[in-house]
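The lines below spell out each chain.
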Amino acid sequence: MFTSKISGLGHYVPENVVTNDDLSKLMDTNDAWIQERTGIKERRHIKKGDGNSTSIMGVKAANIALERAGLTSDDIDFIIFATLSPDMYFPGGGVQVQDLMGMGTVPALDVRNQCSGFVYAISVADQFVKTGMYKHVLVIGSENHSGGLDMTTRGRGVSVIFGDGAGAAVVSRSDSDEGGILSTHLHSEGKHKDELALQGPSTGKWVPEIIAENPQDDIPYYPYMNGQFVFKNAVVRFSEVIMEGLQANGLSVSDIDMLIPHQANLRISQFIQKKFQLSDDRVFNNIQKYGNTTAASIPIALTEAWEAGKIKKGDLVVLAAFGSGFTWGSAIIRW
Ligand code: COA
């Protein structure tokens, strides 16, 4: 078995900043409510005509990650693209990125695991690198939420939370047999699939059917979220999967140098931080600036933490995610 490591990181967010006050002009909400319940102050939304899309943002993040890894797109053996908001229903974002980056005929895989998408994608990349099948895997998480949210009071429980952006990591074979990605741990529980979901357009809720129904009453084309149920499950699963990862490596909470939780809600991150008694410098949050960017949230946060010098060689970095499905997972990395 080979050792795998993250050799490059990058992120991109659209320039357009949307504050809580901006949202209060579109729906019955306010800055105090949003900050108190979620910690979010602002988020980025693609602006019509700014040239961005889910795959284009992914490419921008990927180019930075490649440069930092000292690689070009020609060195990449495999593309893994995680999103819940692809540019089109099919084909997926992986091949869109491949085309935009002029990447020959390497395989491209799409991951559909919502907020856990990046951790799932890292896990897939890790297996391919460890077994020696591929040397460099490009992993991207990217989301364009703003194009599909209900920006009226009806949708306020969901729409204030989500933002747009992309993050990328290159997972590479390491020259050293020490450290790197130590292990990944994945779970899902489909019985809760309807608690955070977007029904259509899909083959179960196809466009003609949606149009035929009264769009005022039947809104399967906007995301639905049972917020409190999601919150309660998130705090349990985050804790479990972090502990599972630590125990698998004979480590404990006191070994964590940096926890990068999926940026679902600042209150969820704070709950985990308190439970594990982690000091502020051992948990990284940036949901205040970007909202919940789903598959992009961990790579954006990881990149910013690394850029700020908060992750150093030898540090134990823990990534943990929970989201729609429900799906959840963790990655334990010795930097
Ligand atoms: N602005 C103002 N009021 C709002 C609002 C908004 N944006 N969204 C909902 N409300 C109102 C509700 O209508 C409700 O009003 P009512 O009491 O008159 O019926 C009230 O605020 C409380 O709503 P509730 O849904 O119970 O709030 P909450 O405390 O559960 O907070 C969330 C809502 C969504 C912030 C919270 O449940 C949460 O963060 N859950 C986890 C979500 C998550 O992490 N999702 C991503 C997973 S990857």
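Cut-offs and rules
- Residues numbered from 1 in each chain as written.
- Predicted model: local features only at pLDDT ≥ 70, side-chain atom pairs only at ≥ 80, totals over all residues.
- Heavy atoms only, no water.
- Pairing = 2+ DSSP bridges.
- Helix = DSSP H or I, 4+ residues; strand = E, 2+ residues; numbered from the N terminus.
- Axes fitted to C-alpha atoms, helices over the stretch in contact; angles between N-to-C directions.
- Contact = heavy atoms within 4.5 Å.
- Domains from an automatic or database assignment.
- Buried area = accessible area lost by both parts, 1.4 Å probe.
- Buried < 20%, exposed > 50% of the residue type's maximum accessible area, 1.4 Å probe, protein only.
- Polar contact = N/O pair within 3.5 Å; in protein donor to acceptor, adjacent residues only side chain to side chain.

**Re the sheet that holds strand E1 (residues 4-12)**
Strand order in the open sheet formed by five strands is E1-E7-E6-E4-E5, with mixed pairing between adjacent strands. Edge strands, defined here as strands with exactly one partner in the open sheet, are E1 and strand E5 (108-111). Adjacent strand axes in the sheet meet at a mean angle of 20°, parallel and antiparallel pairs treated alike. Inspection of the sheet shows strand E6 (residues 136-143) paired to strand E7 (residues 165-173) by eight bridges, in the antiparallel sense. Bridge assignment links Val-137 to a residue of E7, and that residue is Val-171. On top of the sheet, helix H11 (residues 297-307) reaches E1 and E7; it is set at about 100° to E1, its chief contact.

**Here we look at the sheet that holds strand E11 (residues 258-261)**
Spatially, four strands are ordered E8-E13-E12-E11 in an open sheet, and the strand pairing comes out mixed. Edge positions in the sheet fall to strand E8 (180-188) and E11, since each of these pairs with one other strand and no more. Strand after strand, the sheet turns through a mean of 10° between neighbouring axes, direction not considered. Bridge count for strand E12 (residues 316-323) against strand E13 (residues 327-334) is eight bridges, and the pairing is antiparallel. Note on E13: the bridge partner recorded for Ala-321 is Gly-329. Each of E8, E12 and E13 touches helix H5 (residues 117-130); the most contacted strand, E8, lies at about 130° to it.

**Regarding the domain arrangement of the chain**
Split by domain assignment, the chain resolves into domain 1 (3-176) and domain 2 (181-334). Summarising the inter-unit geometry, the C-alpha centres of domain 1 and domain 2 are found 14 Å apart. The interface of domain 1 with domain 2 comprises 53 residues on the first partner and 52 residues on the second. Summing the contributions of domain 1 and of domain 2, the shared interface buries around 4000 Å²; its carbon and sulfur component is 63%.

**Quick word on the side chain of Gln-114**
Along the polypeptide, Gln-114 turns up in the loop between E5 and H5. For Gln-114, a relative accessible area of 12% gives the class buried. Of note is the side chain of Gln-114, whose polar atom sits 3.0 Å from the backbone oxygen of Ser-324. If we ignore the near neighbours within four places in the chain, the residues touching Gln-114 are Leu-84, Thr-294, Ala-295, Ser-324 and Gly-325.

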